Amino acid sequence: MTETSFYDAVGGEETFRRLVHRFYEGVAEDPTLRPLYPESDLTGAEDRLRGFLIQYWGGPNTYSQQRGHPRLRMRHMPFVIGKPERDAWLKHMRDAVDSLDLPDELETRLWDYLVYAAHSLVNSPT
Ligand code: HEM
């Protein structure tokens, strides 16, 4: 019996492509978050987040081949992430998750992880 990964269950790369693209459309217009991304275009950031999520959920591990161990907390240290940044991040992610129209059980699993991960990356009391 073969076990289907979460990655396959939600529709593979195409689903993560849509999720992360929609998320960065929100970030691009967000006055709290946009200044944290100094690059003029968000394509590189989009590639990295998409690659990470694909790998995390059981898809190809291209992210680590290119970037090494994720070390997400360390990689977020250069940015001040307090409650406003965390909540803005989650707002755009919620909108992106909703746009996928996944079955409830898969949507809940994805969303619970994203909430947990966003809370774990807060590194500033303000
Ligand atoms: C990178 C902000 C939460 C995964 C970044 C970058 C910023 C940022 C400014 C640098 C952009 C780049 O050049 O890649 C934030 C803020 C968050 C947040 C404000 C709010 C809590 C998360 C969460 C995840 C995540 C919850 C994972 C589920 C990543 C990844 C990278 C990244 C994989 C690229 C790391 C690398 O390979 O260099 N984030 N992030 N972030 N973030 Fe976040």
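Residues numbered from 1 in each chain as written. Predicted model: local features only at pLDDT ≥ 70, side-chain atom pairs only at ≥ 80, totals over all residues. Heavy atoms only, no water.

- The name recorded for the chain in an unreviewed UniProt entry is Hemoglobin, from Nonomuraea thailandensis.
- According to its UniProt record, the chain has this under Sequence similarities (unreviewed entry): "Belongs to the truncated hemoglobin family. Group II subfamily." (UniProt positions renumbered as here; feature names shortened; annotations may be inferred.)

## Looking at the site of the ligand
Working step 1: Surveying the vicinity of the ligand reveals 20 residues, the closest of which are Arg48, Tyr63, Arg67, His76 and Trp89.
Working step 2: Residue Tyr63 places a side-chain N or O atom 2.5 Å away from an oxygen atom belonging to the ligand.
Working step 3: Between the ligand and Trp89, the relevant distance is 3.4 Å, taken from a nitrogen atom to a side-chain nitrogen or oxygen of the residue.
Working step 4: The cavity that encloses the ligand is the largest pocket.
Working step 5: Every element with two or more residues in the shell around the ligand is listed here: helix 3 (43-56), helix 4 (62-67), helix 5 (72-76), helix 6 (83-100) and helix 7 (104-120). (Near = heavy atom within 4 Å. Polar contact = N/O pair within 3.5 Å; in protein donor to acceptor, adjacent residues only side chain to side chain. 1 Å grid on protein atoms, 1.4 Å probe; cavity = no way out; pocket = protein on both sides within 12 Å on 5 of 7 lines; lining within 4 Å. Sits in = over half its atoms within 2 Å of the grid points. Helix = DSSP H or I, 4+ residues; strand = E, 2+ residues; numbered from the N terminus.)

## A closer look at the pattern of salt bridges
Working step 1: The tally for this structure, following the rule as stated, stands at nine salt bridges.
Working step 2: The partner of Arg48 in a salt bridge is Glu39, and the shortest N-O contact between them spans 3.6 Å.
Working step 3: Since its relative accessible area comes to 31%, Arg48 is described here as partly exposed.
Working step 4: On the accessibility criterion, Glu39 (43% relative accessible area) is partly exposed.
Working step 5: Of the charged contacts in the structure, one is a salt bridge between Arg94 and Asp98, with a shortest N-O distance of 2.7 Å. Remark: Asp98 and Arg94 occur in helix 6; sequence separation between them is four residues, near one turn of the helix.
Working step 6: Residue class for Asp98 comes out partly exposed when judged on its relative accessible area of 42%. (Salt bridge = Lys/Arg side-chain N within 4 Å of Asp/Glu carboxyl O. Buried < 20%, exposed > 50% of the residue type's maximum accessible area, 1.4 Å probe, protein only.)

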